[in-house]
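Listed below, chain by chain, are the residues.
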Amino acid sequence: MATDNSSPEEFPCSLTLNIPFPDARLASVALRALKVDKELSALVQRDLSTATAAGSEEETILHVKYRATTNRMLRVAVNSFMESVALVLEVMEELDVDVLEAGETSA
């Protein structure tokens, strides 16, 4: 995770993502899985955290804030991050017992 000690002039391009999860445990698992991968470029900063959804007491939202020096760097970093998110979700779907049980219940 990046620290917020840079000025907006240094990193003028930004994007915030809020990715919802069914429960706080899965949001926390995703956070821990994704935060180990540091940004490869010093031209991009990323902050990851969990947040509560409106009307909820649990932190079920993965909150991601990207800042970059250029739109191109922002696009490349976010594309790579979204591929990682897709992989984490796929692994959860395949291996997490609670997710499988929830899918069977709703089917």
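The written sequence of each chain sets the order in which its residues are numbered from 1. This being a predicted model, a pLDDT of at least 70 is required before a residue's local features are given, and a value of 80 or more before pairs of side-chain atoms are given or counted; all residues contribute to the totals for chains, interfaces and linings. Hydrogens and waters are ignored; side-chain quantities use all the structure's heavy atoms.

By the naming in an unreviewed UniProt entry, the protein chain goes by Transcription factor Pcc1-domain-containing protein and is assigned to Cercophora scortea. UniProt positions are given in the numbering used here, feature names are shortened, and annotations may be inferred rather than shown by experiment. Word for word, the UniProt comment on the protein chain under Sequence similarities (unreviewed entry) is "Belongs to the CTAG/PCC1 family."

To continue, consider the environment of Asp23. By secondary structure assignment, the location of Asp23 is in the loop between strand E1 (13-20) and helix H1 (24-35). For the pair Asp23 and Ile61, spaced 38 residues apart in sequence, the C-alpha separation works out to 8.6 Å. A polar side-chain atom of Asp23 sits 3.2 Å from the main-chain amide nitrogen of Arg25. Comment: elements are numbered from the N terminus, with helices defined as DSSP H or I runs of at least four residues and strands as E runs of at least two. Polar contacts, as used here, are pairs of N or O atoms within 3.5 Å; protein pairs need one atom able to donate a hydrogen and one able to accept it. Residues neighboring in sequence count only if both atoms are side-chain atoms.

Moving on, we come to the sheet that holds strand E3 (residues 61-68). Taken together, three strands build an open sheet; the order of strands is E1-E3-E2 and the sheet is antiparallel. The sheet terminates laterally at E1 and strand E2 (44-51), the two strands that pair on one side only. The sheet shows a mean angle of 15° between the axes of neighbouring strands, direction not considered. Two strands are counted as paired when DSSP detects at least two bridges linking them. Sheet analysis places E1 next to E3, joined by eight bridges and oriented antiparallel. Bridging across to E3, Asn18 finds its partner in His63. It only takes one pair of heavy atoms within 4.5 Å for two residues to be counted as in contact. Interaxial angle, 0 to 180 degrees, is taken between N-to-C directions of lines fitted to C-alpha atoms, where a helix line uses only the stretch in contact. Across the sheet, H1 is in contact with E2 and E3; its angle to E2 comes to roughly 160°. The strands touched by helix H2 (residues 71-95) are E1, E2 and E3; relative to E1, the strand with the most contacts, the crossing angle is about 15°.

Below, the discussion takes up a nonpolar patch on the surface. Patches draw on residues past 30% relative accessible area with no salt bridge. Two like charges within 9 Å are joined, as are two nonpolar side chains (Val, Leu, Ile, Met, Phe, Trp, Tyr) within 5 Å. Using a 1.4 Å probe, accessible areas were evaluated by the Shrake-Rupley method; residue-level cover was limited to the displayed protein chains. Just to be clear on terms, a salt bridge is a Lys or Arg side-chain nitrogen sitting within 4 Å of an Asp or Glu carboxyl oxygen. A cluster of nonpolar side chains, contributed by Leu87, Val91 and Leu95, occupies part of the molecular surface with about 300 Å² of accessible area. Mapped onto the elements of the fold, Val91 is located in helix H2.

Before going further, it helps to examine the pattern of salt bridges. A full pass over the atoms with the stated rule returns two salt bridges. Between Glu39 and Arg46 there is a salt bridge, and its shortest N-O distance comes to 3.3 Å. Categorising residues by exposure relies on relative accessible area from a 1.4 Å probe, with only protein chains included: less than 20% of the type maximum marks a residue as buried, more than 50% marks it as exposed, and the intermediate range marks it as partly exposed. Classification of Glu39 as partly exposed rests on a relative accessible area of 26%. Under the relative-accessibility criterion, Arg46 is labelled buried at 8%. For Asp47, the salt bridge goes to Arg67, with nearest N and O atoms at 2.8 Å. Of this pair, Asp47 sits in strand E2 while Arg67 sits in strand E3, and the two are 20 residues apart along the sequence. On the basis of relative accessibility, which here comes to 18%, the residue Asp47 falls in the buried class.

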